[in-house]
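Structural overview for review
Below are the chains, spelled out letter by letter.
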Amino acid sequence: MAPLYALGCEGSANKLGIGVISHDPTTNTTRILSNVRHTFNSPPGTGFLPKDTAAHHRAHFVSVAREALRAAGLTDPARELSCICYTRGPGMGAPLTSTAVAARTLAALWGLDLVGVNHCVGHIEMGRFITGAANPVVLYVSGGNTQVIAYAEQRYRIFGETLDIAVGNCIDRFARTLQIPNDPFPGYNVEQVAKKAFYTVAADRTTKTPRDPVLLDLPYAVKGMDCSFSGILGAADLQAAQMQKQDALLAAGGALKEGEQRITREDLCFTLQEVVFAMLVEITERAMAHVGSKQVLVVGGVGCNERLQEMMGLMARDRGGSVYATDERFCIDNGIMIGLAGLLAWETGFRTPFEESTCTQRFRTDEVHIKWRTD
Amino acid sequence: MAAAMETDQFPCVLTVQVPFPTARLASVALQSLQVDKELSPLVRRTFTISPPAGDANTTGDQDKTLHVEYRATTNRMLRVAVNSFMESLNLVIEVMEHLDADVLAAEAHST
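A brief structural summary. (Residues numbered from 1 in each chain as written. Chains lettered and ligands numbered in written order. Predicted model: local features only at pLDDT ≥ 70, side-chain atom pairs only at ≥ 80, totals over all residues.)

Residues and elements named next belong to chain A. Across its 13 residues, helix α9 (residues 306-318) extends 18 Å between first and last C-alpha, which sits within 8% of the 18 Å expected from 1.5 Å per residue. Within α9, the full set of buried residues consists of Leu 308, Met 312 and Ala 316. Buried residues in α9, looked at end-on, bunch into an arc of 65 degrees, giving them a common side. With respect to the buried face of α9, the exposed residues turned more than 90 degrees away are Glu 306, Glu 310, Leu 314, Arg 317 and Asp 318. Once α9 ends, the next one or two residues include Gly 320, with phi positive near 75 degrees. (Helix = DSSP H or I, 4+ residues; strand = E, 2+ residues; numbered from the N terminus. Expected span 1.5 Å × (residues − 1). Buried ≥ 20, exposed ≤ 12 C-beta atoms within 10 Å, placed from the backbone. Arc of directions from axis to C-beta.)

Laid out in structure tokens, this is it:
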């Protein structure tokens, strides 16, 4: 049997991603033919709003889709593709809908089946394919989601999750507090600032001196298998406000009180990462102990943070296992992850009829029947 | 009676007629646009495909005009709903223009 091809369309947040993927059901080989992405970045200090993000996706859909077809070498998609896959949810309503409208139009024009895909399942299947981790505990961390997941009996089951905001949202919003740019993405920029906590630069900018970063005081909020991030963000924002007071005082020629800790942007970013990542490592380790797994797969946009990968790797090594992570091409939202999860479902006979091809902001990972896995 | 209630509660009405070059494209637009529900209970909408108004028997053509009737409780709600519809319609037409099978085939042939 020849390999099957699918087009995946992702637009649940500020990235519009379209890509072509192929899967051969007989040999179970997967191949990426194209992976095109266009990101909507709002100015520093601001977040992306649903209305503006949806407008971005509408404005770029045609050019991104054409580039995905061109890069994949497809000229007759109506014959070459098996299905059009789109993100059904979870995500922001307006961007999801704008992408779904275009995906429906493609499916109707080309006479192809539509497959609505759960965004989280897309991340998991993409991570499993790229890293080759067969049955890992999955830590899914992004701007909208924070979940510890393990597979059992054709469901991806949620072992622990955030009780309020996602870890990526916590980091992104703290980046806004410090006016750290959103381009290429805020979490990456926070990571770069945190690295600077390990040295000081001389006034003439030529020499770097190593220093020990200062772990500032932030709450640690693990509750059973779940995490809470909103209080940590609030506390970090207070520390940032205190830092700005110190900046103003020092600029006016004043001096800090006896024994007062000088707060810096670098130490703040370092501390925030250390605290929230330690929380994630703790609940992931507990899930691994519970299901008896030695593999941990990190997916989602926060998964490309190298410090998180390092901390997770230390924990996994202590347990005699290893961490599987991917780079930004596959970690960050993309079209092929939707294409892959959709194509696997399509091969089992799953279809999304046009009249049911809606989007939903809330769509839990464990609602999906993972018919393509039989282990 | 029911129709009268409808007019009472949803007095603000706008009908958009979108002529397409073929019946197939009109049907694609209908399929793509009618799936998502109106988010507000203050707005009602109906989609139909038929020949252009007042043009029923002139061409003998198939039905290729999309008629969308919006009804809302206030003009403000009507404006918000119709604006949102126009944005989606624009996307659908753009996809048709640049990604339909014949367009891609023609481009592949010419290069």
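Structure shown, so let's carry the discussion forward.
Next up on the list: the interface of chain B and chain A. The interface of chain B with chain A comprises 20 residues on the first partner and 23 residues on the second. Counting only elements with at least two residues in the side of chain B that touches chain A, the list comes to α2 (23-33), α3 (75-99) and α4 (101-110) of chain B. The element that contributes the greatest number of residues to the side of chain B that touches chain A is α3 of chain B, accounting for nine residues. Classifying every residue of the side of chain B that touches chain A by side-chain character gives twelve nonpolar, four polar and four charged. (Contact = placed C-beta atoms within 7 Å. Nonpolar A, V, L, I, M, F, W, Y, C, P; charged D, E, K, R; others polar.)

Let us now look at the nonpolar core. Residue and element names in this part refer to chain A. Cys 85, Val 276, Val 296 and Val 298 are the most contacted members of the largest nonpolar core, which totals 130 residues. With twelve residues, the top contributor of residues to this core is helix α8 (residues 265-291). Counting contributing residues, this core receives three or more from each of domain 1 (4-119 + 330-367) and domain 2 (130-329). Excluding anything up to four places from it in sequence, Val 296 contacts Pro 136, Val 137, Leu 139, Thr 284, Met 288, Met 312, Ala 316, Gly 321, Val 323 and Tyr 324. (Core = buried A, V, L, I, M, F, W, Y, C linked by C-beta atoms within 7 Å. Domains from an automatic or database assignment.)

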